[in-house]
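Structural description and commentary
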Amino acid sequence: MRISTGIGKQPAEGPVAIREPGPKRGGLGSGLVGDLIGNHRHHGGSDQAVYAYARERLEEWAAELGRDLPNGMFGENLTTSGLDVDAARLGELWRVGSTVVLRVTGPRIPCATFRARMGEPGWVKRFAAVGLTGAYLSVVTGGEITVGDPIEIVYRPDHDVTTALAFRAMIGQRSLWQQVALAGDDLSDELREMAAAGRTYRLR
């Protein structure tokens, strides 16, 4: 059986429209027009409208793995440069280009599809051990973006809950949930529910 997946991204030529996609189930999927979401149960929707990963991190992994990692290789639909994505705080706002505004909602959880795409032994746990997963973002203001557009942090909350910290809590460090909860209204529904229940993901 062939399963449809949208993890294989290709760099776009020309402007790309960004929109609020709505819920995972019954919504438009991705926040980028023309971007495929294969599994609507686990991916896409408002809180995962955009997945940002830093070009600098790709270069680090490329050196470690001894292979080329083009933009989009990790399934990101926004490859950044010059921005410390993993230090982004939950609720942080980014302006991309002149119009689009995105809100940081949480970290990426590596999945079996990512493991299959990479084809590296123990990839999910290896990626998770580094703990720098990039960031999911929701769309506050839509518009168009294009390659080379600047990304500016226009708002940073006064808490210290980063995507990297939230990721560590999500994959098993339950003692961090109390700290993650300090993000308050900047928590996504998923993170708020996980923090309240002390629930974590089991990586395979």
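Overview of the structure.

Cut-off values and rules
- Residues numbered from 1 in each chain as written.
- Predicted model: local features only at pLDDT ≥ 70, side-chain atom pairs only at ≥ 80, totals over all residues.
- Heavy atoms only, no water.
- 1 Å grid on protein atoms, 1.4 Å probe; cavity = no way out; pocket = protein on both sides within 12 Å on 5 of 7 lines; lining within 4 Å.
- Points joined across faces, edges and corners; volume = space filled by probe spheres on them.
- Helix = DSSP H or I, 4+ residues; strand = E, 2+ residues; numbered from the N terminus.
- Nonpolar A, V, L, I, M, F, W, Y, C, P; charged D, E, K, R; others polar.
- Axes fitted to C-alpha atoms, helices over the stretch in contact; angles between N-to-C directions.
- Parallel < 35°, antiparallel > 145°, perpendicular 65-115°, else oblique.
- Left-handed = near helix turned anticlockwise from the far one by under 90°.
- Contact = heavy atoms within 4.5 Å.
- Buried < 20%, exposed > 50% of the residue type's maximum accessible area, 1.4 Å probe, protein only.

Considering only enclosed or pocket space, the second largest pocket measures out at about 720 Å³ in volume. Taken together, 32 residues line the second largest pocket, and the ones lying closest to its centre are Ala-12, Asn-77, Leu-78, Thr-79 and Val-147. At three residues, the largest contribution of residues to the lining of the second largest pocket is made by strand 3 (residues 78-80). Split by residue class, the lining of the second largest pocket holds 13 nonpolar, 14 polar and five charged.

The subject of this paragraph is the packing of helix 1 (residues 55-65) against helix 3 (residues 123-130). Between helix 1 and helix 3, the least distance of the axes is 13 Å, while the angle of their chain directions is 130 degrees. By the angle class used here, helix 1 and helix 3 are oblique. For the pair helix 1 and helix 3, the crossing hand works out as right-handed. Each of Trp-61, Glu-64 and Leu-65 in helix 1 lies in contact with helix 3, whose residues at this interface are Trp-123, Arg-126, Phe-127 and Val-130.

For Gly-122, the position within the fold is in the loop between helix 2 (112-118) and helix 3. Residue Gly-122 is classed as exposed on the basis of its relative accessible area, which comes to 52%. Taking the C-alpha atoms as reference points, Gly-122 and Ala-164, separated by 42 residues in sequence, lie 20 Å from one another.

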